[in-house]
Each structure stands twice: as C-alpha cells, then as structure tokens.
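Descriptive analysis of the structure
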Amino acid sequence: SHHHFWSLDRLEYGWMPPGPNVLRHNYLPETMAPCLEEVGVSKTVLVQAHQSIEEAHWLLEIAEVMDFVAGVVAWADLTSPALGRDLDSIQAKKGLVGIRHQVEEEPDEAWLVRPDVIEGLKEVAGHGLAYDLLVKGPHIKYVPEVAEKVPDLRMVVDHIAKPLIAAGEMDPWATHMADVAAIPGVYCKVSGMVTEADHMHWTVDDLVPYVAHVIEQFGFDRIMWGSDWPVCLLASSYANVLDAAMQAVGDLTPDQRQRFLAQNAVDFYGL
C-alpha cells in the first residue's frame, strides 16, 4: 500500500539526509521489480515523494506503463485557488487514487485545520479522492477535527504516525491514535516503522507494542501493510520489512492476512 519512486536527475528532494547515503540514488520501477518478485507482491500503491504537480504527472505516466502500479497518491497544493483545476488535470490521467501533503514538515502544528487547508480537503473529497495523512507528534491530534469538518473525506494514517520507536515511547502517540481510530472509516498503514526504530540495531520486538496498539484500535478491517521502499533502506531491505511486519502482527487467519496484505488497500483506494 505504500512505496515511492524518485529521480535525482529530475527533481531535488529536500527532505533527504545530506551527503552521500543510500537514499541519494535514483529509485525507479526497474529497481523495484526484483524486490516485488522476491516476495510475491503483484500490485502496489505509488506515493508522492516531492511536493509538485510535475512529480504528480510523472508518477501517473509511470502508472500508465507499469502493470504493478495499481494506483498513485500524488501531491497537490491544498491551499491553492487553482486546486480544483490541478486535480482535474492529474485526474484526467489513469491511476490517481489519492492526495498527500508532507504535513510532518509543517512548522504550524495546526496546519491541517487551517481554513484554506480544510477547503482544499473538501475539494479532494469532492473529486472522490482519498487523503494520506503524513503526520507525527503534534499534528496527529488535529485529525478528528478534520474528520468533523470534512466528514466525507476518506483518510489513511501513513506509517502508524511515526511514533518514537527508537526511544520506546508510547504516549502521547498511543492516546492520539486511539482518538483517530475512533473515527469511522479512517485506516492505518503498518509501514515506515523500521526507520523510526534504531536503524542499526532494531528488532521485531521493538515494533510489537506499536503494532499491537494499532491492531487493538483499528482492527484487521482497517490496517494495511506498506513497505515505504526505498526510504526503508535506511534500516532494512524490502523483504525484511515485510517479514518484520508479518512477525509483528502475529498469527493471522486467512481472511485477516488477505485484508492486511491486499483487500483493505483495494477497498480504501478503490483499486
């Protein structure tokens, strides 16, 4: 339910760590294909990594020719007076299923509930698109207000809202996530966890309390696995991220497994 492509020849990704590192390479469909084949993933959701309409069109062009990309979550400026036209232009291409903004980088912790952002989210809902919540820390507590003001917006929390796994801290994350899970129809991606843990020394046991809380709050009908590849390469491989997630969720019935790995993403995004 969640991975990225990027090309350093095409765009500059300011959120990447400076200096030489594993992220500062081009990651394209041909780079990912062997990872999918290794673990048997047949379809994926491609998510924005650059806040530009240029990237949105590029990702949708990839989706047109790559069979394994089932849908694209792109970026659009929620505060722009031209948002409706921008959504029309990218929705004209096949594959757009959602919109995402890197809220976690906004210095205004209440950014999500600014009047101009709320109007933008209403536009997203009006276009029949889902919204990926890239939030952590202080931003999470505003999600219930978003749901109240835009009740027909389908939302999914990315990366279990990035709790402080390396520090072993549960609160206030756990309380905020319970409040978010209480909103009917909000989903959660079990993804992005290894990069919030100790990159060099994490174990599955470090992840278990956070995954257990998400399962308790959202249930198996509203969680979905995501690799967060290639960001995950800071701490682990694609295959190991999948294996760690499966170990952390524990024993599953066949129906729960199908929902976690496929059906919930299909249902949420309308794939």
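Everything that follows concerns the structure shown earlier in this document.
Bear in mind that the values here come from a model prediction, so they are computed numbers and not experimental data. (Residues numbered from 1 in each chain as written. Predicted model: local features only at pLDDT ≥ 70, side-chain atom pairs only at ≥ 80, totals over all residues. Heavy atoms only, no water.)

Further remarks concern the overall build of the chain. Looking only at helices and strands, one finds nine helices and seven strands in the chain. In terms of overall dimensions, the chain is globule-like: its C-alpha atoms have a radius of gyration of 17 Å, near the 18 Å expected for 271 residues. Principal-axis analysis of the C-alpha atoms places the extent of the chain at approximately 45 × 40 × 40 Å. By residue count, 55% of the 271 residues in the chain fall in the buried class. Residue pairs at least 24 apart in sequence account for 77% of intrachain contacts in the chain once pairs closer than 6 positions are excluded. Approximately 11400 Å² of the chain is accessible, and the part contributed by carbon and sulfur atoms is 51%. Both charge centroids of the chain, one from 18 positive and one from 40 negative side chains, sit 5 Å from each other. (Helix = DSSP H or I, 4+ residues; strand = E, 2+ residues; numbered from the N terminus. Rg over C-alpha atoms; globule rule 2.2 N^0.38 Å. Buried < 20%, exposed > 50% of the residue type's maximum accessible area, 1.4 Å probe, protein only. Contact = heavy atoms within 4.5 Å. Areas by Shrake-Rupley, 256 points an atom, 1.4 Å probe, with all protein chains shown as cover. Lys, Arg positive; Asp, Glu negative; His and termini not counted. Charge placed at Lys NZ, Arg CZ, Asp CG, Glu CD.)

Viewed as axis vectors pointing N to C, helix α8 (residues 238–249) and helix α9 (residues 254–269) meet at an angle of 140°, and their least axial separation amounts to 12 Å. The element α8 and its partner α9 pack so that their crossing is right-handed. Here α8 contributes Leu242, Met246 and Val249 to the contact with α9, which in turn contributes Arg257, Phe260 and Leu261. For the contact of α8 with α9, the residue count by class is five nonpolar, no polar and one charged. (Axes fitted to C-alpha atoms, helices over the stretch in contact; angles between N-to-C directions. Left-handed = near helix turned anticlockwise from the far one by under 90°. Nonpolar A, V, L, I, M, F, W, Y, C, P; charged D, E, K, R; others polar.)

Moving on: the packing of aromatic side chains. The final tally for this structure, using the stated rule, is 10 aromatic pairs. When the ring of Tyr27 is compared with that of Trp229, the centres are 5.4 Å apart and the planes differ by 85°; the resulting orientation is edge-to-face. With Tyr27 in the segment before α1 (29–39) and Trp229 in the loop between β7 (223–225) and α8, this residue pair connects regions lying 202 residues apart in the sequence. Residue Tyr27 is classed as buried on the basis of its relative accessible area, which comes to 7%. Ring geometry for Tyr187 against Phe268: centres 5.0 Å apart, planes inclined by 50°, an arrangement best described as tilted. Here Phe268 lies in helix α9 and Tyr187 lies in strand β6 (residues 187–190), a separation of 81 residues in the sequence. Both residues of the pair, Tyr187 and Phe268, belong to the buried class. (Phe/Tyr/Trp six-rings, centres within 6.5 Å; stacked < 30°, edge-to-face > 60°.)

Moving on, we get to the sheet that holds strand β2 (residues 69–74). Pairing is parallel in the open sheet, where seven strands are placed in the order β1-β2-β3-β4-β5-β6-β7. Because the sheet does not close on itself, it has two edges, and the strands there are β1 (44–47) and β7. Taking each pair of neighbouring strands and ignoring which way they run, the sheet shows an average axis angle of 30°. As judged from the four bridges shared by strand β3 (residues 96–101) and strand β4 (residues 130–133), these two strands associate in the parallel manner. Residue Arg100 lies in a different strand from β4, and its bridge partner there is Asp132. On top of the sheet, α9 reaches β1, β2, β3, β4, β5 (155–157), β6 and β7; it is set at about 115° to β7, its chief contact. (Pairing = 2+ DSSP bridges.)

Here we take up helix α2 (residues 53–65). Its 13 residues give α2 an end-to-end C-alpha distance of 19 Å, which sits within 8% of 18 Å, the value for a rise of 1.5 Å per residue. Along α2, the residues that are buried comprise Glu55, Ala56, Trp58, Leu59, Leu60, Ile62 and Ala63. The inward-facing, buried residues of α2 contact α1, β1, β2, α3 (83–91) and β3. (Expected span 1.5 Å × (residues − 1).)

In total, this model carries 13 salt bridges according to the counting rule given. A salt bridge links Arg100 to Asp158, with the shortest nitrogen-to-oxygen separation between them at 3.1 Å. Taken together, the residues Arg100 in strand β3 and Asp158 in the loop between β5 and α6 (173–181) connect sequence positions 58 residues apart. Assigned by exposure class, Arg100 and Asp158 land together as buried. (Salt bridge = Lys/Arg side-chain N within 4 Å of Asp/Glu carboxyl O.)

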